[in-house]
Amino acid sequence: MAINSKTNKTKAIPFAVKDCALLAIATGKRAQNLRELREHLLTIHPESIYYHFWGGLLRPRFDEREYQNDFALWARRGLRDLTLAERLAIIDPSDFPDLESLRQELIEVIEERLDQVEHVPWCKRDQQFHFIRSQVVVFDTGIRLQRPEQLRGAIGKLSEGSVFYHLIDARRRNADKSDDFRNWLNGLDDKHHALCDCIAAIDPLFGTLTELRELLVDCVDRHLEGDAQ
């Protein structure tokens with residue numbers, strides 16, 4: 001936030017609306033059984049873990065909604081291990097400070113399951129788990145929001161890529177693990193605590209990006225006054 005020495009007032013930094021795409025990069029690594037999955041997880045690039053937890057939001061999915069990450073879905077469909085699938089499905093990546101901590105949690109859950117089963121679970125050859133690495137490509141839309149009230153007209157028009165970038169990807173980019181909307185609002189003044197609390201309460205694993213956008217619209221409509229500018 002910049003200070004205008006002539007007026008002694010703060011000049012807000014505009015909110016730069018960005019869009020993004022999540023590129024899928026093949027790693028060449030794959031697993032046909034649970035032990036192979038564990039071995040690859042020890043060394044796989046952290047962006048692969050990111051992709052298999054968050055990538056489903058930016059690609060068409062017709063999977064069972066209760067399995068929110070690719071590891072859980074593979075355990076259910078490939079290994080036919082419902083117990084493991086349920087344990088992996090309840091892992092919330094937002095609970096971990098970084099991808100390395102998330103990696104360790106995955107490994108611990110898998111090792112615990114390996115200790116419990118008499119035979120290592122296998123899948124058919126055509127159902128192997130293929131490790132994919134992600135790369136986020138960011139685009140500047142050129143849209144700038146000068147005042148909080150402008151969020152009312154802008155939020156509902158955001159692309160799914162913009163929702164992903166500002167609400168989800170921001171939580172790993174920003175040092176305070178906050179999304180870009182709250183970072184911007186908190187940097188303006190102290191009037192928007194209720195709106196920030198509403199946005200903070202949005203579960204990024206709630207559903208599709210379209211559904212997350214609708215939740216954002218609801219927060220803004222309930223907590224911001226005035227017409228969109």
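Scroll up to find the structure.
This write-up is about the structure you can find in this document. (Residues numbered from 1 in each chain as written. Predicted model: local features only at pLDDT ≥ 70, side-chain atom pairs only at ≥ 80, totals over all residues. Heavy atoms only, no water.)

## Observations regarding the overall build of the protein
Of the regular secondary structure elements, the protein holds ten helices and four strands. The N-to-C order of helical and strand elements in the protein reads β-β-β-α-α-α-α-α-β-α-α-α-α-α. Projected onto its principal axes, the C-alpha coordinates of the protein cover approximately 75 × 30 × 25 Å. In the protein, once contacts between residues fewer than 6 apart in sequence are set aside, the share between residues at least 24 apart is 71%. Within the structure as shown, the protein displays about 12300 Å² of accessible surface, and the carbon and sulfur contribution to it stands at 48%. Both charge centroids of the protein, one from 32 positive and one from 38 negative side chains, sit 5 Å from each other. (Helix = DSSP H or I, 4+ residues; strand = E, 2+ residues; numbered from the N terminus. Contact = heavy atoms within 4.5 Å. Areas by Shrake-Rupley, 256 points an atom, 1.4 Å probe, with all protein chains shown as cover. Lys, Arg positive; Asp, Glu negative; His and termini not counted. Charge placed at Lys NZ, Arg CZ, Asp CG, Glu CD.)

## Quick word on the state of the cysteines
By the definition in use, this model includes one disulfide. Across a sulfur-sulfur distance of 2.1 Å, C198 and C219 are joined as a disulfide pair. Here the disulfide of C198 and C219 is left-handed, its torsion about the S-S bond being about -80°. Here the residue C198 occupies a position in helix α9 (residues 193-200), and C219 occupies one in helix α10 (residues 209-223), the gap between them amounting to 21 residues. A relative accessible area of 12% means that C198 is categorised as buried. When its relative accessible area of 2% is taken as the criterion, C219 is described as buried. (Disulfide = S-S within 2.5 Å. Buried < 20%, exposed > 50% of the residue type's maximum accessible area, 1.4 Å probe, protein only.)

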